[in-house]
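Summary of structural features
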Amino acid sequence: MKYRRALSDYLFDGVNITLMLALVVVTLYPLLHVLFASLSDATLLSQNRGILLRPLGLNFQAYKLVLDNPMIAIGYRNTLFYVTAGTTINIIMTSLGAYALSRKAVLWRKPALFMIVFTMFFSGGLIPTYLWVGNSLGMLDKPWALIIPPAINTWNLLIMRTSFEAVPVALEESARLDGANDFHILFHIILPLSLPVLAVMVLFYAVYHWNAYFNALVYLRNRELYPLQMVLRDILIANDVSSMTTGFTGGDVEPIGETIKYATIIIA
């Protein structure tokens, strides 16, 4: 028997589709605005005060100037290193910590877990952390200052610990009867059975390292170590486009500076 839809069903679907399309437009337009602005003629863009529905006088000058800026390539290179090395260390350290905290036989497990959770609510603050990283660890103005201190995120550690606790204890016991040690159990039994949460941890940590800029702002002075986000900060917030407009002869520098910012966002 074929189901016949009532008028109210069509109205309901129509309202839903309309709302979803409106949400898509609201979400997508800011991205399109940046894209259109980056492809626009700088002078025409500076004269425009309305919304952009297309590039104003298609022009790729801003992209040429941005791609010729060596700091963009340096920022990309550094960020890829921070993401790769940082995420690898994060996953290894978080897995080891979560495994230890998930085993009931570990001595002082609950006090250690309490002290770890305590750091989610109270911390030493920026100045003690700066002194610890700079003086005690000697990582000031070194790339490891962006990788080692945030090696374990407490919230991610708790998520992974909860996932490890869901693995049946019988699997661990049978592995120990066969002579397996803790490292074998973790890397050959626990982690293969926890691939979904492992994928989530990789995503969380990779996105964190890609977007991170504050630690670089605090600990790095050498521009050759800047991640991409710090390069963006200099261009977008500090208005530092001088390195890309030096020798520019295509007109007024101020309008091209605006299109450079938009092109930088798209490239990054």
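In the block above lies the structure referred to throughout.
The sections below set out a description of the structure shown in this document. These numbers were taken from a predicted model, which means no experiment stands behind them. (Residues numbered from 1 in each chain as written. Predicted model: local features only at pLDDT ≥ 70, side-chain atom pairs only at ≥ 80, totals over all residues. Heavy atoms only, no water.)

Another point: empty space enclosed by the protein. In this structure the tally under the stated criterion is two cavities of 30 Å³ or more. Of the volumes computed, that of the largest cavity is approximately 100 Å³. In terms of lining, the largest cavity is formed by Tyr82, Leu146, Tyr208, His209, Ala212, Tyr213, Phe214, Asn215, Ala216 and Pro227. Among the elements of the structure, helix H10 (195–211) and helix H11 (214–219) are those that each provide at least two residues to the lining of the largest cavity. Of the residues belonging to the lining of the largest cavity, the class tally is eight nonpolar, two polar and no charged. (1 Å grid on protein atoms, 1.4 Å probe; cavity = no way out; pocket = protein on both sides within 12 Å on 5 of 7 lines; lining within 4 Å. Points joined across faces, edges and corners; volume = space filled by probe spheres on them. Helix = DSSP H or I, 4+ residues; strand = E, 2+ residues; numbered from the N terminus. Nonpolar A, V, L, I, M, F, W, Y, C, P; charged D, E, K, R; others polar.)

Turning our attention to helix H7 (residues 154–165). Counted at 1.5 Å a residue, the expected span for H7 with its 12 residues is 16 Å, and the 17 Å between its end C-alpha atoms agrees. For H7, the set of buried residues is Thr154, Asn156, Leu157, Leu158, Met160, Arg161 and Phe164. Looking at the buried side of H7, the elements it contacts are helix H4 (70–102), helix H5 (109–118), helix H9 (182–190) and H10. Where H7 begins, the capping side chain belongs to Asn153, and its oxygen is found 3.0 Å from the backbone nitrogen of Trp155. (Expected span 1.5 Å × (residues − 1). Buried < 20%, exposed > 50% of the residue type's maximum accessible area, 1.4 Å probe, protein only. Contact = heavy atoms within 4.5 Å. Polar contact = N/O pair within 3.5 Å; in protein donor to acceptor, adjacent residues only side chain to side chain.)

Attention now goes to the packing of H4 against helix H12 (residues 228–236). Where H4 contacts H12, the two axes come as close as 7 Å, and the packing angle between them is 145 degrees. Each of Met71, Ile72, Gly75, Tyr76 and Thr79 in H4 lies in contact with H12, whose residues at this interface are Leu228, Gln229, Val231 and Ile235. Residues that form the contact of H4 with H12 fall into these classes: six nonpolar, three polar and no charged. (Axes fitted to C-alpha atoms, helices over the stretch in contact; angles between N-to-C directions.)

This part is about the packing of aromatic side chains. All told, the structure shown has six aromatic pairs when counted by the stated rule. Taken together through their ring pairs, the aromatic side chains of Phe81, Tyr82 and Trp144 make up a single cluster. (Phe/Tyr/Trp six-rings, centres within 6.5 Å; stacked < 30°, edge-to-face > 60°.)

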